[in-house]
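Structural overview for review
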Amino acid sequence: MVGYTLGKLKNRETLPGQLPDYLREKVTLISKAALQLEELGIKPNRRCRLFWIPGRIEVVGKHTDYAGGRSCVCAVNRGFCVLSVDRGDDELRVVSLKSKADQDEEVLQCSVRLSPDTEVASNHWSLYIATAARRLSQNFGHLLGCDVAISCDLPPASGMSTSSALICAMYMVLDVRNGLQKHPKFVATFKKEEELYEYLGCIENGQSCGELTGDQGVGTFGGSEDHTAIMSSEEGKLKVFSYKPTRLESIAPFPDHLTFVVASSGVLAEKTGDKMNNYNDAANLAALAAKTFQASTGNQCPDLASCVRSCGEAACETISAVLRAKGTEHLDVRFRQFYIESEVCVPGVAKAVSANSFDERELGRLVELSQEQGDAGLQNLVPETRWLPAEARCLGAVAASAFGAGFGGSVFAIVRRDDAPEFLRKWRESYVKEFPGNASSSEFFITACIPSKTHRETTFRHK
């Protein structure tokens with residue numbers, strides 16, 4: 001979070017010199033958001049806070065967090081620029097610029113009361129905003145509101161966690177406005193940053209977090225991976241977390257000579273409306289696999305990660321044998337995908353990129369294994385996200401995989417930094433030739449591992 005006046009944020013000519021380095025390429029986004037606040041009637045001399053909330057890449061660890069597993073994550077150089085101006089009442093008024101495939105922008109507006117009884121419309125764009133407002137009001141009492149403008153350069157529904165980024169954004173805005181981190185409940189509940197990240201996931205999935213009682217959530221059965229990646233990202237680093245509870249396991253510096261190229265396929269990876277059941281199927285299968293193993297063995301295992309820990313080194317064979325013996329081969333396939341992601345791919349990738357033992361071939365092999373297991377165990381790929389990684393490897397990528405919730409979305413390729421622009425050009429040309437119907441809706445860009453520095457100025461100030 002950084003403080004400015006609204007007028008300064010609107011001025012594209014003088015603004016770059018007032019911004020931190022990592023925000024200077026976002027001048028257009030920031031000035032557009034400032035203009036929207038001005039059009040709401042807010043005067044240019046009003047103090048205005050600026051937040052940067054990036055999207056994320058899940059390098060390996062697909063659909064593991066809600067089952068207690070591991071993932072390896074980082075943030076991208078695309079995300080949300082969020083401006084907020086304090087109000088004196090309990091209204092959260094939000095205006096959002098929604099990008100469209102033809103490059104036009106639609107202005108969306110909603111007004112949400114900060115109340116434990118706030119109504120949440122499940123099929124409205126304000127779902128995540130209203131859910132955060134309702135839950136924070138329930139857990140922390142009377143809150144003062146803000147006028148908020150959101151401008152985003154993430155491709156829509158691209159699998160880079162735009163929905164979870166909105167939850168994080170509303171938390172950041174209301175935290176600074178109301179001093180949430182000084183609230184007795186906050187201080188008593190969150191002793192580590194990772195506990196806060198888990199709570200943000202609970203806002204989205206509706207679960208309780210310690211003494212902070214749960215609510216309806218948004219309807220998806222996800223975990224806290226996305227919120228953790230967004231809130232904890234650091235420049236040039238991959239981070240490995242395990243979940244339930246959320247815990248940082250290791251940090252791996254990303255090799256300087258490599259970078260990411262991201263292809264947003266143009267096939268929307270939505271998690272609302274009729275798409276929600278598809279997203280929740282993977283979570284339900286993981287939960288059922290753990291329940292089946294627990295019922296058969298008597299082991300008290302609330303999730304797949306607990307089942308693995310209870311079996312030690314023979315976990316994969318032991319659990320798989322139980323699931324097959326029960327005639328639930330589909331649960332065995334889902335379990336094996338979880339096990340290979342969490343126990344093989346994630347720690348393996350962290351080791352492969354480490355400075356002392358960088359292994360390019362092993363990195364490529366493990367990311368490819370993650371892609372294959374996701375296809376078999378999650379069945380959430382579409383032709384575009386199955387084709388893109390294979391083509392990336394043919395073009396010389398070190399590694400490539402689909403990522404995110406699936407059923408559309410994006411693919412990353414890890415390439416040599418010096419080769420990235422030419423690789424992007426060839427990858428995009430090949431994709432448009434193969435899938436001409438996605439030419440206008442797809443988007444390709446280069447990104448390093450980016451920090452979410454703005455939030456870190458406001459996180460855990462009470463320490």
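The residue count restarts for each chain, going from 1 along the sequence in the order it is written. The predicted nature of this model means local features are confined to residues of pLDDT at least 70 and side-chain atom pairs, given and counted, to a pLDDT of 80 or more, with totals for whole chains, interfaces and linings taken over all residues. Only heavy atoms go into the side-chain values, all of them from the structure, while hydrogens and water stay out.

1. Some thoughts on the overall build of the protein
Helix and strand assignments follow DSSP, with helices taken as H or I runs no shorter than four residues and strands as E runs no shorter than two, numbered in order from the N terminus. Scanning the protein for helices and strands turns up 15 helices and twelve strands. Taken against the 2.2 N^0.38 rule, which gives 23 Å for 463 residues, the C-alpha radius of gyration of the protein at 22 Å falls within 12% of a compact globule. Structurally, the protein occupies a C-alpha span of about 65 × 50 × 45 Å along its principal axes. Three labels apply to residues, based on accessible area from a 1.4 Å probe with only protein chains included: buried if under 20% of the type maximum, exposed if over 50%, partly exposed otherwise in between. Counting across all 463 residues of the protein, residues that qualify as buried make up 59%. Every residue pair with non-hydrogen atoms within 4.5 Å of one another is taken to be in contact. In the protein, 71% of the contacts between residues at least 6 apart in sequence involve partners at least 24 apart. With an accessible surface of roughly 18,300 Å², the protein has 48% of that area assigned to carbon and sulfur atoms. For the radius of gyration, the atoms used are the C-alpha atoms, and the globule rule reads 2.2 Å times the number of residues raised to 0.38. Only the protein chains shown count as covering a residue, and every accessible area follows the Shrake-Rupley method with a 1.4 Å probe.

2. Overview of the confidence of the model for the protein
How sure the predictor is of each residue is captured by pLDDT, a score from 0 to 100. Mean pLDDT over the protein stands at 91; residues scoring 70 or higher make up 94%. Taken as a whole, residues 454-463 scores under 50 in pLDDT and shows 41 contacts with residues more than four places along the chain or in a different chain.

3. Things to note about the sheet that holds strand β9 (residues 258-264)
When DSSP finds two or more bridges between a pair of strands, those strands are recorded as paired. Reading across the sheet, the four strands line up as β10-β11-β9-β12 and stay open at both edges, with antiparallel pairing between neighbours. Single-partner strands in this sheet number two, and they are β10 (399-403) and β12 (443-447). Direction aside, the axes of adjacent strands within the sheet are offset by 20° on average. Pairing geometry for β9 and β12, over five bridges, is antiparallel. Of the residues in β12, the one forming a bridge with Ser264 is Glu443. Axes here refer to lines fitted to C-alpha atoms; in helices the fit is confined to the stretch in contact. Angles between the N-to-C directions go from 0 to 180 degrees. Taken strand by strand, helix α13 (residues 383-394) contacts β9, β10, β11 (410-416) and β12, and its axis lies near 170° from that of β10.

4. Description of the pattern of salt bridges
Opposite charge on two side chains makes pairing possible when the charged atoms of those side chains draw close. Any Lys or Arg side-chain nitrogen found within 4 Å of a carboxyl oxygen on Asp or Glu counts as a salt bridge. The tally for this structure, following the rule as stated, stands at 29 salt bridges. Among the ionic pairs, Asp86 bridges to Arg177, the shortest N-O distance being 3.6 Å. Of the two residues, Asp86 sits in strand β3 (residues 70-86) while Arg177 sits in helix α4 (residues 162-178), which places them 91 residues apart along the sequence. Measuring nitrogen to oxygen at the nearest pair gives 3.6 Å for the salt bridge that ties Arg336 to Asp332. Remark: Asp332 and Arg336 occur in helix α11 (residues 329-352); sequence separation between them is four residues, near one turn of the helix. On the accessibility criterion, Arg336 (30% relative accessible area) is partly exposed. The class of Asp332 is buried, set by a relative accessible area of 7%. The network of salt bridges with common partners includes Arg87, Asp89, Glu91, Arg93 and Asp147.

5. Regarding the environment of Cys449
Inspection of the secondary structure assignment puts Cys449 in the loop between β12 and α15 (453-456). Each residue touching Cys449, except ones within four places of it in the same chain, is listed here: Cys74, Ala75, Glu234, Glu235, Gly236, Lys237, Leu238, Phe254 and Phe260.

6. Concerning the pairing of strand β2 (residues 47-60)
Buried residues dominate β2, accounting for 13 of its 14 residues. Two strands pair when backbone bridges link them, and β2 and β3 are joined in this way by ten bridges, in the antiparallel orientation. Paired with Arg49 across the bridge in β3 is Ser84.

7. Structural notes on the nonpolar core
One finds Ile53, Leu92, Tyr199, Leu238, Phe260 and Leu363 to be the most contacted residues of the largest nonpolar core, which totals 81 residues. Ranked by residues supplied to this core, first place goes to α4 with eleven residues. Setting aside residues no more than four positions away along its own chain, Leu92 makes contact with Cys110, Ser111, Val112, Leu114, Ile129, Ala133, Cys146, Val148, Met170 and Leu174. We call a set of buried residues a nonpolar core when its members are Ala, Val, Leu, Ile, Met, Phe, Trp, Tyr or Cys and they connect through side-chain atoms within 4.5 Å of each other. Judged by nonpolar contacts, the second largest core, of 24 residues, contains Leu6, Leu9, Val27 and Ala33.

8. A word on the UniProt feature "domain: Galactokinase N-terminal" (unreviewed entry) in the protein
The UniProt record marks residues 54-82 with the feature "domain: Galactokinase N-terminal" (unreviewed entry), using the residue numbering of this structure. Each end of residues 54-82 is marked by a C-alpha atom, and these two atoms are 11 Å apart; helix forms 0% of the span and strand 69%. UniProt positions are given in the numbering used here, feature names are shortened, and annotations may be inferred rather than shown by experiment.

9. Some thoughts on the UniProt feature "domain: GHMP kinase C-terminal" (unreviewed entry) in the protein
Taking the numbering used here, the UniProt-annotated feature "domain: GHMP kinase C-terminal" (unreviewed entry) corresponds to residues 358-432. Between the first and last C-alpha atoms of residues 358-432 the distance is 34 Å; the span itself is 57% helix and 16% strand.

10. A closer look at the packing of α11 against helix α12 (residues 360-377)
Here α11 crosses α12 at 165°, and the two axes come no closer than 9 Å. Taken together, the axes of α11 and α12 are roughly antiparallel relative to one another. Every pair of crossing elements has a handedness; the one defined by α11 and α12 is left-handed. Side by side, α11 and α12 meet where Val333, Arg334, Arg336, Gln337, Ile340, Glu341, Val344, Cys345, Gly348, Val349 and Ala352 of the first sit next to Glu362, Leu363, Leu366, Val367, Leu369, Ser370, Gln373, Gly374, Ala376 and Gly377 of the second. Along the lines of polarity and charge, the residues of the contact of α11 with α12 split into eleven nonpolar, six polar and four charged. When describing relative orientation, an angle under 35 degrees is termed roughly parallel and one over 145 degrees roughly antiparallel, while 65 to 115 degrees is termed roughly perpendicular and anything else oblique. It is the rotation of the near helix from the far one that decides the hand of a crossing: anticlockwise by less than a right angle makes it left-handed, clockwise makes it right-handed. Three residue categories are used. Nonpolar comprises Ala, Val, Leu, Ile, Met, Phe, Trp, Tyr, Cys and Pro, charged comprises Asp, Glu, Lys and Arg, and polar comprises the others, including Gly.

11. Concerning the state of the cysteines
What counts as a disulfide here is a pair of cysteine sulfur atoms lying within 2.5 Å. Under the definition given, this model contains zero disulfides. There is no disulfide at Cys152, and the cysteine sulfur nearest it, in Cys81, is 8.8 Å away. By relative accessible area, which is 13% here, Cys152 ends up buried. Just so you know, Cys345 is unpaired, no disulfide at all, and the nearest cysteine sulfur is the one on Cys72, 11 Å from it.

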